Amino acid sequence: MSNDSSSPVPAHLPHLAGRAYRCQCGCPVFFRNSTCLACGTPLGYDPAQARLLPLMPGEQPDTWVAWHADGEADDGKQNRDTDAPPAVYLRCANLQTPAACNWLVPLSEDAPQVLLCQACRLNRTIPDLNDEAHPDNGELWGKIELAKRRLVSALLVLGLPVASRVSEDTERGLMFDFLRSPDFGPHILTGHNTGLITLNLNEADDATREAMRKAMHEPYRTLLGHFRHEVGHYYWDRLVAGTSWMQGFQELFGDETQNYAASLQNNYENGPRPDWALHYVSAYASVHPWEDWAESWAHYLHIRDTVDTALSFGLSPDSAQLEFTPFTLDALYQPEDPNAQVFLDFLNQWTQLTTLLNEMSRAMGQPDFYPFVLPHEVVAKLHFIHLVVTSGSWRQEQAPDPEHAQEQELN
């Protein structure tokens, strides 16, 4: 996620990267683009740099390098006095499939060459693209892959472990099954189970997903939201379970050893607890501490990516006339943390931004951009997640006890 914008970024914000990119011709291009629509220059996303690069052919067949003219790299920062060769890439093998993947794969001379990018290597099962009974499988899979790439790009920028359980880390990695429910068979459940995230292909159909959203009385339901929620379960296993963070987790989210299946059943039969809005970011978060974590984690990713995107395009509510009640340090999990004020300013920036964007949505007759309210207890949970993510402690912690591994299912 590169920040190519020249707009100043407030120093108090933990700015990671953005989504504003430009082609070599100067025209804006976007995260999903594989070609500049203005000049036809090929484009590719390099996850290592978190940048969408304009490309030109490399010296070897079917290879690519970042576009440059007269020896100057596309960003103008290459040292002309050095002899370091430019990075050489292959296009992801899924570029020409319905996934339309525009990510790049570095050309390797020291290891067997992989043909799939870092995001596509996470797939274990994809839909049958030759299923004559379901010709829309390719279209639906393409929507899913676009959302997944957005997720993975943000996880990488945050410095989180992202390795394929299929081919890179068979013990603790991450992988995806994208399955379609049989026409006359059991319904595929979207969920997480010890590193495997299953997503029902039908969730990519807008009408089906909207019908489910209404049936479940949810204010928000998107493919990206599903991914962010389910990957939250995975990172609970990776970052929290069996680590020194467990005490803080239980203080904020509750006792995760309570019967998960019974908690789900109680929610489906009786609905959420009446006071959920005072303690949780969503009704579903009140089901069980694991779901509270996953919902809060999803919102943390919502906030980080959206604020970064806004800033990269120069959108900031600082100059807008917005009245709101800011959160104060006492709402945070660790108000004494040296960077507590940084996170607080960031969260208050989010509150202002969503106030502005909600009003803009209403001006178009659309549902609220962010149809949620953050009670103080959720602010503490978001701060806790921020501390876990930014600590990098997962690099030192041992593997969690398998008995703590989550088996999560939504619907």
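About the cut-offs
Residues numbered from 1 in each chain as written. Predicted model: local features only at pLDDT ≥ 70, side-chain atom pairs only at ≥ 80, totals over all residues. Heavy atoms only, no water. Core = buried A, V, L, I, M, F, W, Y, C linked by side-chain atoms within 4.5 Å. Buried < 20%, exposed > 50% of the residue type's maximum accessible area, 1.4 Å probe, protein only. Contact = heavy atoms within 4.5 Å. Phe/Tyr/Trp six-rings, centres within 6.5 Å; stacked < 30°, edge-to-face > 60°. Helix = DSSP H or I, 4+ residues; strand = E, 2+ residues; numbered from the N terminus. Lys NZ or Arg CZ within 6 Å of the ring centre and 35° of its normal. 1 Å grid on protein atoms, 1.4 Å probe; cavity = no way out; pocket = protein on both sides within 12 Å on 5 of 7 lines; lining within 4 Å. Points joined across faces, edges and corners; volume = space filled by probe spheres on them. Nonpolar A, V, L, I, M, F, W, Y, C, P; charged D, E, K, R; others polar. Axes fitted to C-alpha atoms, helices over the stretch in contact; angles between N-to-C directions. Parallel < 35°, antiparallel > 145°, perpendicular 65-115°, else oblique. Salt bridge = Lys/Arg side-chain N within 4 Å of Asp/Glu carboxyl O. Left-handed = near helix turned anticlockwise from the far one by under 90°. Expected span 1.5 Å × (residues − 1).

### Brief notes about the nonpolar core
Turning to step 1, where the next piece is worked out: Judged by nonpolar contacts, the single largest core of 88 residues is most densely connected at V231, W297 and L374.
Turning to step 2, where the next piece is worked out: Apart from the residues within four sequence positions on either side, W297 is in contact with L160, R228, V231, G232, Y235, L239, I385 and V389.
Turning to step 3, where the next piece is worked out: If you look at the next biggest cluster of nonpolar residues, it comprises 5 residues, including L53, L55, W64 and L104.

### So, the packing of aromatic side chains
Turning to step 1, where the next piece is worked out: Tallied over the full model, the rule gives 22 aromatic pairs.
Turning to step 2, where the next piece is worked out: An angle of 90° between the planes, with centres 5.5 Å apart, marks the rings of W245 and F384 as edge-to-face. With a gap of 139 residues between them, W245 in the loop between α3 (223–240) and α4 (246–253) and F384 in helix α8 (residues 376–391) connect regions that are remote in the sequence.
Turning to step 3, where the next piece is worked out: Given the relative accessible area of 15%, W245 is considered buried.
Turning to step 4, where the next piece is worked out: With relative accessibility at 0%, the residue F384 sits in the buried group.
Turning to step 5, where the next piece is worked out: Each residue in the set Y234, Y235, W236, W245, F249, F253, Y260, W290, W293, W297, Y333 and F384 is aromatic and connected to the rest through ring pairs, giving one cluster.
Turning to step 6, where the next piece is worked out: The ring of W64 has R91 lying over it, and the distance from NZ or CZ to the ring centre is 5.8 Å.
Turning to step 7, where the next piece is worked out: R150 extends its terminal NZ or CZ atom over the ring of F31, reaching a point 6.0 Å from the ring centre.

### A short note on the layout of surface pockets
Turning to step 1, where the next piece is worked out: Of the pockets and cavities examined, the largest pocket occupies roughly 640 Å³.
Turning to step 2, where the next piece is worked out: Taken together, 30 residues form the lining of the largest pocket, with E218, P219, S282, Y284 and E295 sitting closest to its centre.
Turning to step 3, where the next piece is worked out: By residue number, the principal contributor to the lining of the largest pocket is helix α6 (residues 289–312), which donates 4 residues.
Turning to step 4, where the next piece is worked out: Each residue belonging to the lining of the largest pocket can be placed in one class, and the counts come to 16 nonpolar, 11 polar and 3 charged.
Turning to step 5, where the next piece is worked out: Its volume calculated, the second largest pocket comes out at about 540 Å³.
Turning to step 6, where the next piece is worked out: Taken together, 21 residues line the second largest pocket, and the ones lying closest to its centre are Y220, T222, L224, R228 and F369.
Turning to step 7, where the next piece is worked out: Those elements giving two or more residues to the lining of the second largest pocket turn out to be α1 (137–157), α2 (206–215), α3 and α6.
Turning to step 8, where the next piece is worked out: Ranked by the residues each element gives to the lining of the second largest pocket, the list is headed by α1, at 4 residues.
Turning to step 9, where the next piece is worked out: Of the residues assigned to the lining of the second largest pocket, the class counts are 11 nonpolar, 3 polar and 7 charged.

### Topic: the packing of α6 against α8
Turning to step 1, where the next piece is worked out: Interaxial distance between α6 and α8 falls to 9 Å at its minimum, and their mutual angle equals 75°. When the axes of α6 and α8 are compared, the pair comes out roughly perpendicular. Residues D292, W293, S296, W297, H299, Y300, I303 and R304 of α6 form the contact with α8, whose own contacting residues are K381, L382, F384, I385, H386 and V389.
Turning to step 2, where the next piece is worked out: Taken together, the residues that form the contact of α6 with α8 break down as 8 nonpolar, 3 polar and 3 charged.

### Some points on the pattern of salt bridges
Turning to step 1, where the next piece is worked out: Per the stated rule, a full pass over the model turns up 17 salt bridges.
Turning to step 2, where the next piece is worked out: Across the salt bridge formed by R121 and E168, the nearest N and O atoms sit 2.7 Å from each other. Separated by 47 residues along the polypeptide, R121 in the loop between β7 (104–106) and β8 (123–125) and E168 in the loop between α1 and β9 (175–179) bring together distant segments of the chain.
Turning to step 3, where the next piece is worked out: The shortest N-O distance in the salt bridge between K143 and E139 comes to 4.0 Å. Placement of both K143 and E139 in helix α1 is noted, with a separation of 4 residues, approximately one turn of the helix.
Turning to step 4, where the next piece is worked out: When its relative accessible area of 31% is taken as the criterion, K143 is described as partly exposed.

### Overview of the environment of P272
Turning to step 1, where the next piece is worked out: Structurally, P272 can be placed in the loop between α5 (260–270) and α6.
Turning to step 2, where the next piece is worked out: Classification of P272 as partly exposed rests on a relative accessible area of 34%.
Turning to step 3, where the next piece is worked out: When the C-alpha positions of P272 and S282 are compared, they lie 9.5 Å apart, and in sequence the two are 10 residues distant.
Turning to step 4, where the next piece is worked out: If near-sequence neighbours (up to four positions away) are discounted, P272 is found in contact with N267, A283 and S286.

### As for the packing of α3 against α6
Turning to step 1, where the next piece is worked out: It is at 8 Å that the axes of α3 and α6 come closest, and there the two elements cross at 115°. Here α6 runs roughly perpendicular to α3, going by the angle between their axes. When you trace α3 past α6, the crossing you get is right-handed. Contact residues: G225, R228, H229, V231, G232, H233, Y235, W236, L239 and V240 in α3; W290, E291, W293, A294, E295, W297, A298, L301, H302 and D305 in α6.

### Considerations on helix α7 (residues 340–363)
Turning to step 1, where the next piece is worked out: Here α7 spans 35 Å end to end across 24 residues, near enough to the 34 Å set by a 1.5 Å rise per residue.
Turning to step 2, where the next piece is worked out: Positive phi appears at G365, one or two residues downstream of α7, with a value of about 75°.

### A few points about the environment of F369
Turning to step 1, where the next piece is worked out: Among the secondary structure elements, F369 is positioned in the loop between α7 and α8.
Turning to step 2, where the next piece is worked out: Sequence separation between F369 and N358 is 11 residues, and the spatial gap between their C-alpha atoms is 5.0 Å.
Turning to step 3, where the next piece is worked out: Dropping the residues within four chain positions of it, F369 is found in contact with T306, W350, L357, N358 and S361.

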